[in-house]
Amino acid sequence: MTKTTKKNITKQTDDGWKLFFKRKFDDASVVFNSVLETQDDHYAKYGRACASFRGNNIELAIRDLTELLDADDKNIDYLHTRALVYGADENYDKAMKDLTRLLELLPDNGEAWCDLGGLYLIREDFPSARDCFERAADINKACSFTWLGKGIAALNLKEYRKAIEYLNVSIKLDGKLTLAYLARAEAFFSNNQKKEALKDVKKSLSLDRAFFGEFKETFGDETNNNTENDHKDDLDDEDAIEVY
């Protein structure tokens, strides 16, 4: 979660955040609860909300974040975090409402545009998803998830060449992004490029060795080992060219 700066943070609250960033979410919650028993510390309450979210206590996370937003309805961190919590709870309408509000306050927030695009993908509104990811890419061209989103949107819009192009960039930025390989494999299959598709499936499975043996038994050595550099197809998108 994004760390929020507040004045007069007690050492105990600060210790809770240190535990949170060490991924000791239950321990962090204990510390934040201790603080909140004695004082109404918004930073501790936000910490408890984040720890609750990571510990799958969605109800408490939403309650704390709603109370925080009642007191400060323009807080970007609170809005973004609650949107993520709502999304995890599959309450997509409320998640979109919070992200829309956030982007009204801070239209250059690339991460929020990317998250909003993800919600549109879930709702199968692929043109809107594409628009969101394009806005995110305009803000930050170096985010692999933004290019992944552009690729998935293009794939669902049956723009297979563009999908491959965008997913090439995503993989160039993060060579371990399994979903990008799987999405590119689907784009290759749809574009009648079976050999390339199977390479990507094999690569995605190699990132999870538990499934690789089964795949190899099925397809044998039909594919060769490859890297993301094998798919530097001609690029049409100006942003993609810039990344390369």
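The written sequence of each chain sets the order in which its residues are numbered from 1. Only residues with pLDDT of at least 70 get local features here, since the model is predicted, and only at 80 or more are side-chain atom pairs given and counted; chain-wide, interface and lining totals rely on the full set of residues. Remark: hydrogens and water are excluded; side-chain values derive from all non-hydrogen atoms of the structure.

1. Some words on the side chain of Arg184
Turning to step 1, where the next piece is worked out: We count a stretch as a helix when DSSP gives it H or I for four or more residues in a row; a strand needs E for two or more, and each element gets its number in order from the N terminus. When you line up the elements, Arg184 lands in helix H11 (residues 178-190).
Turning to step 2, where the next piece is worked out: We define a polar contact as two N or O atoms separated by no more than 3.5 Å, with the added condition that, inside protein, one atom must be a possible hydrogen donor and the other a possible acceptor, whereas residues neighbouring each other in sequence contribute only through side-chain atom pairs. A polar side-chain atom of Arg184 sits 2.7 Å from a polar atom in the side chain of Asn168.

2. Topic: the packing of helix H3 (residues 42-54) against helix H5 (residues 76-88)
Turning to step 1, where the next piece is worked out: Only the contacting stretch of a helix is used when fitting its axis, a line to C-alpha atoms as for every element, and angles between N-to-C directions run 0 to 180 degrees. Direction vectors running N to C along H3 and H5 enclose 20 degrees, while the axes themselves pass 11 Å from each other. One finds that H3 runs roughly parallel with respect to H5. For H3 against H5, the interelement crossing comes out left-handed. Here His42, Tyr46, Cys50 and Phe53 of H3 lie close against H5, whose contacting residues are Asp77, Tyr78, Thr81, Leu84, Val85 and Ala88.
Turning to step 2, where the next piece is worked out: Throughout this entry, Asp, Glu, Lys and Arg are counted as charged residues, while Ala, Val, Leu, Ile, Met, Phe, Trp, Tyr, Cys and Pro are counted as nonpolar. The remaining residues, Gly among them, count as polar. Across the contact of H3 with H5, the residue classes tally to seven nonpolar, two polar and one charged. In this scheme, roughly parallel covers angles under 35 degrees and roughly antiparallel covers those over 145, while 65 to 115 is roughly perpendicular and the rest are oblique. Definitions for this section: a left-handed crossing has its near helix turned counterclockwise from the far helix by less than a right angle. A right-handed crossing has that turn clockwise. Working rule for contacts: check all heavy atoms of both residues, and any pair within 4.5 Å makes them a contact.

3. Structural notes on the pattern of salt bridges
Turning to step 1, where the next piece is worked out: For this document, the term salt bridge refers to a Lys or Arg side-chain nitrogen within 4 Å of an Asp or Glu carboxyl oxygen. The full count for this structure, using the stated rule, is nine salt bridges.
Turning to step 2, where the next piece is worked out: Of the charged contacts, one joins Arg101 and Glu104 as a salt bridge, the two residues approaching to 3.7 Å between their closest N and O atoms. Of this pair, Arg101 and Glu104 both sit in helix H6 (residues 92-105), three residues apart, which is roughly one turn of the helix.
Turning to step 3, where the next piece is worked out: Relative accessibility decides the category of a residue: with a 1.4 Å probe and only protein chains considered, values under 20% of the type maximum give buried, values over 50% give exposed, and everything between is partly exposed. Classification of Arg101 by relative accessible area gives partly exposed; the value is 28%.
Turning to step 4, where the next piece is worked out: Given the relative accessible area of 55%, Glu104 is considered exposed.
Turning to step 5, where the next piece is worked out: Note that Arg130 is salt-bridged to Glu159, the shortest N-O span being 3.7 Å. Residue Arg130 is found in helix H8 (residues 126-139), and its partner Glu159 is found in the loop between helix H9 (144-156) and helix H10 (160-173); the two are separated by 29 residues along the sequence.
Turning to step 6, where the next piece is worked out: The class of Arg130 is partly exposed, set by a relative accessible area of 27%.

4. Re the packing of aromatic side chains
Turning to step 1, where the next piece is worked out: The rule is short: rings of Phe, Tyr and Trp, with Trp giving its six-membered ring, pair when the centres are within 6.5 Å, and they are stacked under 30 degrees, edge-to-face over 60, tilted in between. Under the criterion given, the structure shown has nine aromatic pairs.
Turning to step 2, where the next piece is worked out: Aromatic side chains Phe20 and Phe25 sit 5.3 Å apart centroid to centroid with 55 degrees between the ring planes, which places their arrangement in the tilted category. Here Phe20 matches Phe25 in class, with each residue buried.
Turning to step 3, where the next piece is worked out: Taken together, a centroid distance of 5.9 Å and an interplanar angle of 50 degrees make the contact between Trp147 and Tyr166 tilted.

5. Examining the nonpolar core
Turning to step 1, where the next piece is worked out: Only buried residues count toward a nonpolar core, which is a set of Ala, Val, Leu, Ile, Met, Phe, Trp, Tyr and Cys residues joined through side-chain atoms within 4.5 Å. Core analysis: the biggest nonpolar cluster contains 50 residues, and Trp17, Phe20, Tyr46, Val85, Leu116 and Leu121 have the highest contact counts within it.
Turning to step 2, where the next piece is worked out: Among the elements that take part in this core, H3 stands out by supplying seven residues, more than any other.
Turning to step 3, where the next piece is worked out: In terms of nonpolar packing, the next biggest core, distinct from the first, is built from 11 residues, Ala154, Tyr160, Ile164 and Phe188 among them.

6. Regarding H8
Turning to step 1, where the next piece is worked out: In a helix, the anticipated span is given by 1.5 Å times the number of residues less one. Over its 14 residues, H8 extends 20 Å from the first C-alpha to the last, a length consistent with the 20 Å expected when each residue adds 1.5 Å.
Turning to step 2, where the next piece is worked out: Taken as a whole, H8 has its buried residues at Phe126, Ala129, Cys132, Phe133, Ala136 and Ala137. Down the axis of H8, the sector holding all buried residues measures 140 degrees, keeping them to one side. What the arc covers is the set of directions going from the helix axis to the C-beta atoms.

7. Side note on the environment of Thr100
Turning to step 1, where the next piece is worked out: Looking at the secondary structure, you find Thr100 in helix H6.
Turning to step 2, where the next piece is worked out: Using a relative accessible area of 37% as the deciding quantity, one classes Thr100 as partly exposed.
Turning to step 3, where the next piece is worked out: For Thr100 and Ala112, which are 12 residues apart along the polypeptide, the C-alpha to C-alpha distance reads 8.7 Å.

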